[in-house]
Every structure is written in structure tokens, then in C-alpha cells.
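# Report on the structure
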Protein chains: 2
Amino acid sequence: MRQVAVIGAGMTRFGKHVGRSMKDLAREAVEGALRSAGIEKDAIEAAAVGNAVAGLITGQECVRGQVVLREMGIGGIPVINTENACASASTAFHLAWLYVASGMYDVVLAVGMEKLFHPDKKRTFAAIGSGIDVELADEFARQMSGEQSAGAGEARSVFMDYYANITRQHMARYGTTREQFARIAAKNHTNGSLNPHAQYQTPRTVAEVLTAPMIAEPLTRMMCSPIGDGAAAVLVTTTEKARQLTTKPVLVRASVLGSSEDHAPHTPNVVAKVARKAYALAGIGPQELQVVEVHDATAPAELLAYEDLDLCRAGEGGRLIDDGVTALGGRVPVNPSGGLLAKGHPVGATGVAQIAEIFWQLRGEAGKRQVSSARVGLTENGGGVIRGENAAAAVHIFTV
Amino acid sequence: MRQVAVIGAGMTRFGKHVGRSMKDLAREAVEGALRSAGIEKDAIEAAAVGNAVAGLITGQECVRGQVVLREMGIGGIPVINTENACASASTAFHLAWLYVASGMYDVVLAVGMEKLFHPDKKRTFAAIGSGIDVELADEFARQMSGEQSAGAGEARSVFMDYYANITRQHMARYGTTREQFARIAAKNHTNGSLNPHAQYQTPRTVAEVLTAPMIAEPLTRMMCSPIGDGAAAVLVTTTEKARQLTTKPVLVRASVLGSSEDHAPHTPNVVAKVARKAYALAGIGPQELQVVEVHDATAPAELLAYEDLDLCRAGEGGRLIDDGVTALGGRVPVNPSGGLLAKGHPVGATGVAQIAEIFWQLRGEAGKRQVSSARVGLTENGGGVIRGENAAAAVHIFTV
């Protein structure tokens with residue numbers, strides 16, 4: 001397979017874009033990626049477009065990619081519409097990478113896009129909740145309602161119950177504390193304050209996180225990613241062609257997608273398995289990572305990702321955040337962008353936005369949130385929940 | 001890129017499966033493909049799953065593939081959910097092919113699946129209608145309502161108006177007649193009567209087609225594909241591995257996907273452009289084809305496909321059907337399966353069902369509808385409509 005490089009990235013600010021269409025958001029992201037790469041749209045030979053829930057939000061169930069791309073004058077090329085819940089955009093990136101790696105096309109666009117805000121909030125929640133087996137959803141809701149669960153908040157959905165449940169399990173098993181989860185949220189909100197693309201740009205303290213409204217015990221609102229709209233885009237090509245176009249190509253060293261399966265308790269989950277495969281393919285171990293973006297749909301999800309990605313051993317995630325290892329300035333900063341918690345989480349855009357962040361970090365273009373001299377980065381993006389773990393997971397490793 | 005072969009195919013009968021879930025339909029198709037290939041499900045290394053409208057029909061907007069595959073004990077593998085309206089399944093096949101061709105995985109499953117029937121017919125029509133730019137849909141409806149358009153029938157949707165419009169253009173430009181379109185429909189219904197998987201298995205005469213209820217002038221109901229449920233699955237692997245597993249591998253000689261773009265009137269449309277690229281990649285010309293499955297969402301769509309695929313010159317499609325060239329027993333039988341008109345058109349299943357048909361034809365396993373000694377086949381699958389032509393088109397060429 002050919003070696004592939006990222007040559008450009010663009011994204012909208014994530015947030016509430018009620019007055020803007022998905023076409024408009026996607027255009028801003030794609031035009032940003034083209035400018036970043038220094039190429040024209042006519043150079044794009046194929047596109048993979050990730051989106052999770054437009055069918056339920058806008059009724060645009062089909063040909064979502066063609067609808068937005070044609071509007072900006074991009075047509076006549078293969079357009080693959082893909083979905084993997086919150087991992088839709090990294091799946092799109094995986095396919096763009098695959099097109100180039102396979103030898104079929106040389107310059108491929110990956111777009112992630114989502115509008116979650118809808119005047120009828122129920123529609124937004126129904127859309128987000130469709131990342132599980134909807135036939136089993138009622139049963140799932142019944143199981144959860146027996147346990148402690150409080151109030152309905154902005155980010156409340158069946159996923160928050162799922163995360164609350166695994167959070168309580170981690171606390172019971174390893175003694176992880178609410179303060180440690182709060183520390184992750186405070187870190188990410190503080191990182192977000194340095195990122196002009198972030199939905200939330202206000203630094204937060206641990207005390208503020210802990211006293212925010214409770215969504216699902218022990219998760220407060222600031223420990224949960226918000227509802228958001230947005231789009232992100234990147235361009236990939238062969239490493240050879242990338243070197244002609246830029247002095248700073250960002251090489252894709254591994255692109256691995258996986259899904260959940262039945263496995264024994266306390267054995268590696270889908271994220272851990274996909275990460276290990278990615279490390280093996282890249283020939284790069286977790287100790288070599290210098291900047292990481294993970295899928296912090298909630299603060300505990302980031303802590304669990306530390307362990308699944310082998311940044312530390314099982315049960316030691318709390319110590320990693322306490323020791324400042326994953327903060328900006330630490331040994332391996334995680335979510336310098338602000339992560340899903342502060343940058344935001346327009347679900348079908350998230351995976352490509354994570355890759356855009358690593359692209360900027362490895363090129364030294366990350367502004368006030370720059371991780372100094374980072375040369376090795378990783379993204380981890382999870383999507384949906386089936387039988388208690390992510391239905392889809394994607395891990396990508398990059399180097400300069 | 002590695003050469004890829006199809007080693008197994010399975011499908012449900014297409015039709016009204018109100019009492020069966022999509023999981024149940026997909027299971028029948030996948031188990032059929034596994035039996036056909038003589039391999040176990042554990043051999044599957046990745047899956048691409050095409051579906052167009054489950055989000056609007058069942059609310060399962062996300063992780064549709066994982067939901068059905070996990071149910072049948074298939075997990076832990078990359079699952080790519082993909083959509084391209086009526087070309088969703090051939091896009092899934094394209095991705096399965098790409099995984100193998102690229103060298104990433106050796107045995108990959110492609111599934112197409114759809115449930116269109118819903119107790120609320122409006123929901124079915126809204127779902128089918130979402131294959132256009134829904135923001136522009138109202139404007140489109142306004143444009144069409146000025147022209148002659150009659151009654152609402154089972155298969156009526158905005159697409160029937162679109163097809164009626166291009167049909168009238170072809171009649172005006174080339175003198176093509178209603179009888180010629182009716183002859184295509186009669187041929188396909190007669191072929192469908194030989195296919196146990198077909199939704200409609202009653203032979204029809206030209207007179208019966210012409211006197212069926214009018215959907216949108218000049219299209220009668222029998223010239224329009226029906227609403228249907230169903231699933232189809234195929235397995236692909238390297239040609240090398242295929243030869244170890246079977247004495248009759250069906251080689252994929254070209255797999256090409258494209259989308260529409262602005263172009264001058266009477267210049268090649270997306271189907272024609274994709275087909276020409278496929279012929280070039282395969283090193284096989286239209287005159288070498290021995291069996292073809294095309295996207296006859298309506299009878300005129302098949303006639304137009306004759307011309308777009310260069311089975312005849314522009315304007316000569318009517319003569320091709322009159323001369324019996326595309327009938328069973330003709331020089332190049334088209335839609336021996338009964339096509340979308342008679343076999344049925346559960347949109348997200350269609351593309352893989354077409355490929356399954358060519359697989360069976362080239363292996364001599366097509367029963368009463370067998371095209372004798374066919375060694376070269378093609379499938380053409382279109383999806384969605386943007387600015388008056390298919391938003392997506394996929395052409396595949398196969399040989400034994």
C-alpha cells in the first residue's frame with residue numbers, strides 16, 4: 001500500500017450555527033482545507049463524507065455529500081457517504097486514506113459535518129440516541145432507570161447514562177474520584193479557551209466543573225460534551241506528491257477501524273484492540289506519542305482512553321491526570337484542542353476535526369495551544385454503543 | 001492493486017416483508033453468501049454495509065451495519081456504513097472491493113439492505129424522496145406540477161416525475177414510443193417470472209403494461225419499480241485466494257463510482273462517464289458484454305442505460321428492445337433477474353442484488369433465467385438525483 005500524507009485541514013468554529021446550512025458549514029471547512037493545502041478544488045479526485053444524523057435532523061437522508069459538494073462546485077468525482085455514529089468522520093478519513101493508499105486516486109477529500117441543533121430538542125435527542133440498537137433502546141432505558149440518574153440537562157441522552165454507568169464502575173474498581181474526572185474537564189475547557197475553533201472558550205476550574213448542574217451522577221454538565229453544529233475537512237495525497245506541495249506533509253502512519261465484539265470482562269475493548277493494531281502497523285508505541293486527541297464525549301471517556309491507548313496501565317488514569325502528564329506542557333498533552341468537552345462535538349464532524357488538530361499541532365500551526373516540538377500524534381474516535389461498548393472505533397497515528 | 005473476485009452471493013426474495021426485521025433479512029442474505037462461498041463467518045475480516053433510508057423508516061439512523069451484523073455474531077471487524085441513495089449497495093461493494101484490492105484485508109463482506117414498507121405510507125415516500133436535495137425539493141415539485149402528471153400510485157414519488165420528464169424528452173427527440181418502454185417492462189416482468197427472488201413473478205404482455213394504472217404520463221405502474229423490502233450480500237477476496245476456494249471465481253474487472261457534475265446538454269452524463277472509465281480499466285468493451293443488469297427504476301431508465309452504456313448509439317435504445325437484443329436469448333440480455341421493475345427495488349439492497357445476479361449468471365447458477373455460456377457481465381446502479389441526473393452512479397464489470 002502507498003504511504004499517505006495529510007496536506008491541508010480546515011474547520012468551522014464548532015457551536016450553535018442555527019442560521020447556517022450544512023452546505024455553508026461544509027463549504028467553510030473544505031475551502032479552509034484547500035487554502036491550507038495550496039491546491040484548487042479541481043485537483044480533488046474523490047471525496048468521502050461523514051455525517052451521522054442529517055436524515056433525522058433535516059430530512060436529507062440520502063446523498064448528503066453530493067448535496068453539499070455540488071453546491072460548492074465539486075462534482076463528477078466518486079462521493080462516498082459514510083456513517084459510524086460519532087466516528088463517522090474518522091471513517092470518512094479512513095476511506096479517503098484507503099483510496100490513496102490503494103493506488104486508485106491521488107488527491108482525496110475527507111469531510112465531516114453535522115447540524116445537531118433543531119428547534120425541536122426532542123429531534124436532536126432522538127438523533128443522538130440512534131447510535132445504539134434502537135430496537136433494544138427501550139430495554140436499555142429500563143435497565144438504566146433502576147439506577148441513580150438525575151435531571152435532564154442540555155447534553156442529556158441515553159449516552160450520558162451509558163457513560164455514567166461505566167464511570168461508576170471505574171470508580172468502584174480503581175478508586176477513581178469525581179475530582180479526577182473534573183480535572184480532565186477543567187483541563188479541556190482551559191485548552192479550549194486557547195482554540196478559536198472551540199465552542200466553549202472559557203477556562204474552568206475543578207470547583208466550577210464539580211458544581212455545574214448534574215446530568216447523570218457523577219457527571220456534571222461540564223463533564224459532558226455539548227450539542228453542536230460544525231464541519232471539518234482534510235485533504236490527503238501520496239507522501240511523494242505531498243512533498244512536492246509542501247515542506248511539512250503530515251504522514252499517516254496507521255489508519256485502523258474496528259467494531260465491538262463479545263469479550264470477557266476486563267479484557268481489551270474495541271478501542272484497545274484497534275489502538276494496538278495501529279501501534280503495530282505504525283511501528284510506533286504509546287510511549288512515543290507527543291500529542292493526542294481522544295474521544296472525550298464525557299470526561300471519564302478521556303480517562304478510560306488513557307488506559308485503552310496504553311498511555312498508562314489499567315486503573316492508573318486518575319494518576320495520569322493528577323500528575324499533569326496530559327496537560328499542555330505535560331509529557332503527552334491530550335486534547336489540546338479542548339476536546340469534545342470544550343471544542344464541541346457535532347458528531348459527524350468530530351473525527352476529522354481531531355485529525356485537523358493533530359495536523360496543525362505537528363506542523364506547528366496550533367497557535368496558543370501549540371504543543372512544542374510535537375512530531376508524533378494520535379487520534380482516537382469512538383462511535384455508537386452496542387452491548388456496552390463502542391460500536392465503532394478508529395485510531396490514526398501521524399508523524400512529521 | 002490486487003485483483004479481486006466474488007466468491008459467494010445470497011439474497012432474500014424482494015417484496016413486502018412487514019413481519020421481518022432488517023436484522024432478519026440481512027441474516028438470510030449473509031448466511032446465503034457464506035454458504036455459497038463455502039466459508040464460515042469467522043473468515044470475514046471487514047464489512048461494508050449499504051442502506052439508504054433506515055434512519056427515516058425505523059429510526060436506526062446510526063451504526064446500521066453493526067446492529068445487524070452483531071445480531072448474527074459478526075463483530076470485532078471494521079464495519080463501514082455507506083449510503084448513496086439507490087446506489088448504496090454498489091457503493092458498499094466498491095468499498096469491499098477496495099479493501100481487498102488495496103491489500104488491507106483478504107475476505108470482505110458487502111451487504112445491501114432495506115425496509116421501505118411502513119404502516120405510514122407518507123414515511124416511505126418521504127424516505128425515497130430524500131435522494132434529492134431536500135432544500136430544493138419544494139422548488140422541484142413546483143416546476144413539475146406545471147406539467148402533465150396524473151394520479152398517485154403505489155410507486156409514485158418525486159422520482160417518477162423526474163423519470164417521466166426525461167422520458168418525454170427522449171420521445172420528443174428520438175421518436176421513442178410508449179410501446180417500446182412497455183416492451184422493456186414486459187420483458188423484465190417475464191424475466192422476473194423465472195426468478196424465485198423476484199417480488200413480481202407474473203409474466204406481462206405489452207398490452208398489460210400499457211393498460212396498467214398511469215403513475216406519471218407516460219409511465220404506467222408496470223413501468224415503475226415497486227416499493228420493497230429485502231437484503232443481498234456478496235463476499236469478495238483476492239483472485240488468488242478465490243482460486244483455492246472455488247473452481248468458479250467471478251473476477252471483478254472494474255469497480256468505478258462517480259457523481260454528477262455540470263455538463264453541456266447531450267454530452268455524456270454520469271452513467272456514461274463512469275461506464276467508459278470502467279470499460280477502459282477492464283480492457284473490455286460494450287460489444288463483449290454477454291449479460292447486463294441495469295438500474296431500471298423505470299422502464300425508460302433501462303432504455304437510457306442501453307445508450308449510456310454504449311450497447312447502442314444515442315436514440316437507438318428503442319430499436320434495441322424492438323429487435324429483441326436485450327431479451328433472454330438475445331445477443332446481450334439485460335436484466336435477466338427481472339430488474340428493479342420485477343425483481344423489486346429495496347433501494348439500499350439493489351446494487352448488491354445486481355452483482356449477485358451477475359455472479360450467478362457467470363457461474364451458470366441462474367436457473368430458469370440462465371443466459372447460456374455468459375462469461376462477461378456488467379452492473380449499472382444509479383442513486384439520487386441532483387440537477388437532473390443521478391447523484392451517484394456505479395458500474396462494475398465481471399468475468400469468469
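Residues numbered from 1 in each chain as written. Chains lettered and ligands numbered in written order. Predicted model: local features only at pLDDT ≥ 70, side-chain atom pairs only at ≥ 80, totals over all residues.

## Digging into the overall build of chain A
Check the secondary structure of chain A and you find 15 helices and 11 strands. Taken against the 2.2 N^0.38 rule, which gives 21 Å for 400 residues, the C-alpha radius of gyration of chain A at 19 Å falls within 12% of a compact globule. Counting only C-alpha atoms, chain A reaches 55 × 45 × 40 Å along its principal axes. Residues classed as buried in chain A amount to 63% of the 400 residues present. (Helix = DSSP H or I, 4+ residues; strand = E, 2+ residues; numbered from the N terminus. Rg over C-alpha atoms; globule rule 2.2 N^0.38 Å. Buried ≥ 20, exposed ≤ 12 C-beta atoms within 10 Å, placed from the backbone.)

## So, the pairing of strand β10 (residues 376–386) of chain B
Residue and element names in this part refer to chain B. Counted residue by residue, β10 has 11 buried out of 11 residues, so it is predominantly covered. Pairing analysis gives three bridges linking strand β9 (residues 291–293) to β10, with the strands arranged parallel. Counterpart to E293 in the pairing with β10 is T379. With 10 bridges connecting them, β10 and strand β11 (residues 389–399) associate as antiparallel partners. From the neighbouring strand, E380 faces β11, where its bridge partner is V395. The loop that links β10 with its antiparallel partner β11 comprises two residues; one of these, R387, has a positive phi angle of about 50°. (Pairing = 2+ DSSP bridges.)

## A short note on the interface of chain B and chain A
On the chain A side, the residues contacting the 49 residues of chain B number 49 residues. For the side of chain B that touches chain A, the secondary structure elements donating two or more residues are α2 (54–57), α3 (64–71), β3 (79–83), α4 (88–102), α5 (121–129), β8 (250–259), β10 and β11 of chain B. Considered class by class, the residues forming the side of chain B that touches chain A number 23 nonpolar, 20 polar and six charged. (Contact = placed C-beta atoms within 7 Å. Nonpolar A, V, L, I, M, F, W, Y, C, P; charged D, E, K, R; others polar.)

## Considering the relation of the copies chain B and chain A
Each copy superposes on the other: chain B lies on chain A with an RMSD of 0.0 Å after a rotation of 180° and an axial shift of 0.0 Å. Interpreted geometrically, this transformation is the action of a two-fold axis. The overlap is high: 100% of the interface residues of chain B also sit at the interface in chain A, so the same surface is used on both sides. (Least-squares fit on C-alpha atoms with pLDDT ≥ 70 in both.)

## Description of the domain arrangement of chain A
Residue and element names in this part refer to chain A. Along its sequence, chain A is carved into domain 1 (4–118 + 229–250) and domain 2 (131–227 + 254–399). The gap between the C-alpha centroids of domain 1 and domain 2 is 23 Å. For the side of domain 1 that touches domain 2, the secondary-structure elements that each account for two or more residues are β1 (4–11), α4 (88–102), β4 (107–114) and β7 (230–238). Top element by residues in the side of domain 1 that touches domain 2 is α4. It accounts for eight residues. Tallied by class, residues from the side of domain 1 that touches domain 2 come to 23 nonpolar, 10 polar and four charged. (Domains from an automatic or database assignment.)

## A short note on helix α11 (residues 270–282) of chain B
At 3.6 residues per turn, the α-helix brings residues three or four places apart onto the same side. Residues and elements named next belong to chain B. The first and last C-alpha atoms of α11 sit 18 Å apart over 13 residues, in line with the 18 Å expected at 1.5 Å per residue. Listing the buried residues of α11 in full gives V270, V271, A272, K273, V274, A275, A278, Y279 and A282. In the segment just after α11, G283 is the residue with positive phi, at about 65°. (Expected span 1.5 Å × (residues − 1).)

## Looking at the nonpolar core
In terms of nonpolar packing, the biggest core is built from 288 residues, with V111, V234 and V352 of chain A together with V111, V234, V236 and V352 of chain B touching the most fellow members. Every residue in contact with V234 of chain B, bar those within four places of it in the chain, is listed here: V6, G8, A9, A33, F93, A110, V352, I355, A356 and F359 of chain B. (Core = buried A, V, L, I, M, F, W, Y, C linked by C-beta atoms within 7 Å.)

## Regarding unusual backbone geometry
Residues and elements named next belong to chain A. Geometrically, the link from E217 to P218 is a cis peptide bond, its omega value of 5° lying close to zero. Here P218 is to be found in the loop between β5 (214–216) and β6 (219–220). For A85, which is not a glycine, the phi torsion comes out positive at approximately 55°. Within the secondary structure, A85 is located in the loop between β3 (79–83) and α4. Its identity as a non-glycine residue notwithstanding, D310 has a phi of 65°, on the positive side. One can find D310 in the loop between α12 (299–308) and α13 (317–322).

## Re the environment of P218 of chain A
Residue and element names in this part refer to chain A. Using a count of 20 C-beta atoms within 10 Å as the deciding quantity, one classes P218 as buried. In sequence terms P218 and A164 are 54 residues apart; their C-alpha atoms lie 6.5 Å from each other. Setting aside residues no more than four positions away along its own chain, P218 makes contact with T167, R178 and F181.

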